[in-house]
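Observations on the model geometry
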Amino acid sequence: MTAYAAPVGDMRFVLAELLDTPSLFARLGYAEATPDFVDAVLEEGARFTQAVLAPLNSVGDREGCHYDPATGAVTTPAGFREAYDRYVEAGWSGLVAPAAHGGQGLPKLVDIPVKEMIDAANLAWGNFPLLSHGATDALLKFGDEWQQQTFLRPMVEGRWTGTMCLTEPHCGSDLGLLRTRAEPRDDGSFSITGNKIFITAGEHDMTENIVHLVLARLPDAPAGSRGISMFVVPKLQVAKDGSLGDANGVRAGGVEHKMGIHGSATCVLNFDTAQGWLVGEPHRGLQAMFVMMNSARLAVGLQGLGLADRAYQNALRHSRERLQMRSLSGPKFPELPADPIIVHPDVRRMLLTCKALVEGGRALSYHAASMIDIAADSPDAAEREQATALLGYLTPIAKACLTEWSVECTYNALQCFGGHGYIAENGMEQLARDARITTLYEGTTGIQALDLLGRKVLQQQGVGLKAFLGMVESFCKQHEADDVVAEFIAPLRSHAMTLQSITGLVAKRAAADPEEIGAASHDYLMLSGYVVLGYWWARSVAAAEASSRPEGFKAGKREAARFCFARLLPRIQSHAAAIESGAASLMTLDAGDFDQGR
Ligand SMILES: Cc1cc2nc3c(=O)[nH]c(=O)nc-3n(C[C@H](O)[C@H](O)[C@H](O)COP(=O)(O)OP(=O)(O)OC[C@H]3O[C@@H](n4cnc5c(N)ncnc54)[C@H](O)[C@@H]3O)c2cc1C
């Protein structure tokens, strides 16, 4: 089994020193989110996730969820339910929900490190409470008075959990294809009928009720994505006064057997004239669901980050302890029969890749999350507008890059263990298997790439991109004469210029041939992620130097930044070259000729 120690010191560094949350929270009016209080949340979160959730990680993997075909009931792995009760008792479920609905009203950013810890400790378990947050956000924005009064408080208090029901057997990335129907009833509610698959936490034994947010079509719905509406459909019927009744017409038809996250109940859900209520406007369901999806996308990015961190810390410990061969430049530990493998350049390459992607990814994703609070609560309208644009731009980058990097980090960390990483006993292979889902659900990397390039950059005239490039330039100006950071300034400016010029090139080509967008999108996404990563590493060095942290911490940031600029950011050039080559090398081969003559 892998160990887990929450990286509270680095989380504190990102929050307090990089993002300056003490003054940010004060400016946004969160008087109660004092540095001491935020520290206490981090310490308590570390205690809970290390002691309660982490030991259940391998239990969930071995045991999985149990499905009873006779009743449709799903039982979670041993200990999961008790851990959920403790999570609720400690008040974690309502940490950042509005006080008016039973929450503690803290800034969303405070929940981000807690989410990271939960994901690192036990990703499969974390999926049960996860979607309640997005469901709460969607109902807060689009639910009517009765829906808010009825469904929010139980979810905030953790008595009910939420789900998002989009996917159907024939309909995944393309939601315009969905067929689930919603027929109006006389009392103003709707009968929902259809078959949803892959629904996370769709059925379980942790709470008395489950609140499904379901996408379905009204009888007069236009075809495609403009004809989709959102409905709130409880597992147990809910009366007008909020009291619970009999089972609603929704039943789990099975639990998927998966590559990883075995402890997470991924359910087939059959809706058969289940009672539901329309959320928001008819045919505008995607708009409402996007509130939930955006929150969930950032959350999945954090899942990637958490897994990568846990893999990295275990690989680091192993690399310090495992003795194999001597250093190329002579024994470093002559008293031992061999040197620890951390002396070998190739092992250091893998460890530093993890450190650079994990700590840089933490800064990147926490900064993106801080835009949620600024966009909601800044007293300055221009700042709110800029934060909204930045959040839109950074969300697909955080989701896709952190999850792709998670796959890379968990594989690198496993490699540090050699054959001991491949056997189940050490837990590294579970982390690698669990990480694999993060690039798939909540929109695949391919779909995030289209969202970034097609929608956020080209359709919206690059408003978020311009805001990011403005941040880069103002940082460079501020630090070009600063001895410690100067070495990063010219390369950072050059990478930002590459991003700018490649954007111009794709925009020009896309005007003549729309296939150029799809052909560039993956490389464009990853290129963007590396530029953002470089920016946060340069800023991390500056912030570490300005802090009162010990020299070892500063050296860790400085050397990891040097590694990142020297060995990871050159990937920017390779992505740029792939984009420059255009769509032809992808699109010329006839679909029927892929396997001609094989
Ligand atoms: C464990 C698990 C949990 C899940 N939880 C939920 C949940 O709670 N709720 C829910 O509604 N769904 C859930 N899903 C579904 C998940 O969100 C979808 O699997 C995912 O969105 C991809 O859809 P798909 O599997 O149908 O793949 P497809 O849409 O068939 O895509 C297949 C491949 O084609 C690519 N592709 C498709 N269209 C394009 C395009 N236009 N351009 C470029 N590439 C394209 C994709 O990137 C992908 O690589 C879950 C899935 C899993 C496995």
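Right, let's walk through the structure included here. (Residues numbered from 1 in each chain as written. Predicted model: local features only at pLDDT ≥ 70, side-chain atom pairs only at ≥ 80, totals over all residues. Heavy atoms only, no water.)

1. Looking at the overall build of the protein
- Helix and strand counts for the protein stand at 19 helices and 11 strands.
- In terms of overall dimensions, the protein has a C-alpha envelope of 80 × 65 × 60 Å along the principal axes.
- When burial is assessed residue by residue, the protein has 58% of its 598 residues classed as buried.
- For the protein, contacts bridging at least 24 residues in sequence account for 74% of all contacts bridging at least 6.
- Accessible area of the protein: about 23,800 Å², with a carbon and sulfur share of 54%.
- Within the protein, the 69 negative side-chain charges are centred at a point lying 3 Å from the centre of the 53 positive side-chain charges. (Helix = DSSP H or I, 4+ residues; strand = E, 2+ residues; numbered from the N terminus. Buried < 20%, exposed > 50% of the residue type's maximum accessible area, 1.4 Å probe, protein only. Contact = heavy atoms within 4.5 Å. Areas by Shrake-Rupley, 256 points an atom, 1.4 Å probe, with all protein chains shown as cover. Lys, Arg positive; Asp, Glu negative; His and termini not counted. Charge placed at Lys NZ, Arg CZ, Asp CG, Glu CD.)

2. Digging into the site of the ligand
- Around the ligand sit 18 residues in total, of which T167, S173, F198, T200 and T444 are the nearest.
- Take S173: an N or O atom from its side chain is 2.6 Å from an oxygen atom of the ligand.
- Within the contact set of the ligand, a nitrogen atom lies 2.8 Å away from a side-chain nitrogen or oxygen of T200.
- Taken by itself the ligand offers 970 Å² of open surface, and the protein chains cover 61% of this.
- Counting only elements with at least two residues in the shell around the ligand, the list comes to β3 (160–165), β5 (190–200) and α13 (445–459).
- Across the shell around the ligand, the residue classes break down as 10 nonpolar, six polar and two charged. (Near = heavy atom within 4 Å. Polar contact = N/O pair within 3.5 Å; in protein donor to acceptor, adjacent residues only side chain to side chain. Nonpolar A, V, L, I, M, F, W, Y, C, P; charged D, E, K, R; others polar.)

3. Topic: helix α6 (residues 108–142)
- Its 35 residues give α6 an end-to-end C-alpha distance of only 19 Å, which falls more than 12% under 51 Å, the value for a rise of 1.5 Å per residue.
- The sharpest bend along α6 reaches about 130° and sits at N122.
- Among the 35 residues that make up α6, 31 are buried, leaving the element largely enclosed by the rest of the structure. (Expected span 1.5 Å × (residues − 1). Bend = angle between axes of the 7 residues up to and from the residue.)

4. Points about the nonpolar core
- Y366 and F468 are the most contacted members of the largest nonpolar core, which totals 164 residues.
- Excluding anything up to four places from it in sequence, F468 contacts L390, Y393, L499, V531, V532 and Y535.
- Grouped together as the second largest cluster of nonpolar side chains are 31 residues, A135, M164, L178 and L215 included. (Core = buried A, V, L, I, M, F, W, Y, C linked by side-chain atoms within 4.5 Å.)

5. Re the packing of aromatic side chains
- In this structure the tally under the stated criterion is 20 aromatic pairs.
- Measuring from centroid to centroid gives 5.2 Å for F190 and F231, while their planes differ by 65°, and the two rings are edge-to-face. Residue F190 is located in strand β5, and its partner F231 is located in strand β7 (residues 229–234); the two are separated by 41 residues in the primary sequence.
- Of the aromatic side chains, those joined through ring pairs into one cluster are F48, Y84, Y87, W92 and W125. (Phe/Tyr/Trp six-rings, centres within 6.5 Å; stacked < 30°, edge-to-face > 60°.)

6. Description of the packing of helix α3 (residues 35–53) against helix α5 (residues 80–89)
- Between α3 and α5, the shortest axis-to-axis distance is 11 Å and the interhelical angle comes to 165°. Classed by the angle they form, the pair α3 and α5 counts as roughly antiparallel. For the pair α3 and α5, the sense of crossing is right-handed. Along its contact with α3, which presents F48, V52 and L53, the element α5 presents A83, R86 and Y87.
- Considered class by class, the residues forming the contact of α3 with α5 number five nonpolar, no polar and one charged. (Axes fitted to C-alpha atoms, helices over the stretch in contact; angles between N-to-C directions. Parallel < 35°, antiparallel > 145°, perpendicular 65-115°, else oblique. Left-handed = near helix turned anticlockwise from the far one by under 90°.)

7. Points about the pairing of β3
- Of all six residues in β3, six are buried, a share of seventy percent or more.
- Of the two faces of β3, both are covered, the one formed by W160, G162 and M164 as well as the one formed by T161, T163 and C165.
- As paired strands, β3 and strand β6 (residues 209–216) are joined by six bridges and run parallel to one another. Within β6, the position partnered with M164 by the bridge is L213. (Pairing = 2+ DSSP bridges.)

8. Let's talk about the side chain of D61
- Relative to the assigned elements, D61 resides in helix α4 (residues 57–63).
- Taking relative accessible area as the criterion, D61 reaches 13% and is therefore assigned buried.
- What D61 contacts, discounting residues up to four positions off in sequence, is H262, Q430 and R433.

9. Examining the packing of helix α14 (residues 463–479) against helix α15 (residues 486–512)
- Their axes nearest at 10 Å, the elements α14 and α15 cross at an angle of 160°. Taken together, the axes of α14 and α15 lie roughly antiparallel to each other. Between α14 and α15 lies a crossing whose hand is left-handed. Residues L465, F468, L469, V472, E473, F475, C476, K477 and H479 of α14 form the contact with α15, whose own contacting residues are A486, I489, L492, R493, A496, L499, Q500 and T503.

10. Remarks on the pairing of strand β11 (residues 266–279)
- Of all 14 residues making up β11, 11 are buried, and the element is well covered by its neighbours.
- In this sheet, β11 lies alongside β5 in antiparallel orientation, the contact comprising eight bridges. Along β11, the bridge assignment pairs G194 with F271.
- Where β7 and β11 come together, three bridges link them in antiparallel fashion. Bridge assignment links V232 to a residue of β11, and that residue is W277.
- Judged from the five bridges that link them, strand β10 (residues 250–255) and β11 form a sheet pairing that is antiparallel. When the bridges of β11 are listed, V255 appears paired with C267.

11. Thoughts on the environment of L316
- Assignment of secondary structure puts L316 in helix α8 (residues 285–321).
- Note: C-alpha distance between L316 and F190 (126 residues apart in sequence) is 55 Å.
- If sequence neighbours within four positions are ignored, L316 has contacts with I342 and L351.

12. Considerations on the pattern of salt bridges
- All told, the structure shown has 35 salt bridges when counted by the stated rule.
- In this structure, E17 and R549 form a salt bridge, with 3.2 Å as the shortest nitrogen-oxygen distance. Taken together, the residues E17 in helix α1 (residues 8–18) and R549 in the loop between α16 (515–546) and α17 (551–568) connect sequence positions 532 residues apart.
- A relative accessible area of 30% means that E17 is categorised as partly exposed.
- Look at R549 and you get buried, because its relative accessible area is 19%.
- Ionic pairing is found between E203 and K235, a salt bridge with its closest N-O pair at 3.1 Å. (Salt bridge = Lys/Arg side-chain N within 4 Å of Asp/Glu carboxyl O.)

13. A word on the side chain of S370
- Summarising the element assignment, S370 is placed in helix α9 (residues 345–377).
- Excluding anything up to four places from it in sequence, S370 contacts L24 and L109.

14. Some remarks on the environment of L568
- Locating L568 in the fold gives a position in helix α17.
- Residue L568 is classed as buried on the basis of its relative accessible area, which comes to 1%.
- A sequence separation of 381 residues divides L568 from D187, and the C-alpha atoms of the two residues are 60 Å apart.
- Sequence-distant contacts of L568, that is, excluding residues within four places in its chain, are made with T353, A356, L357, Y530 and F563.

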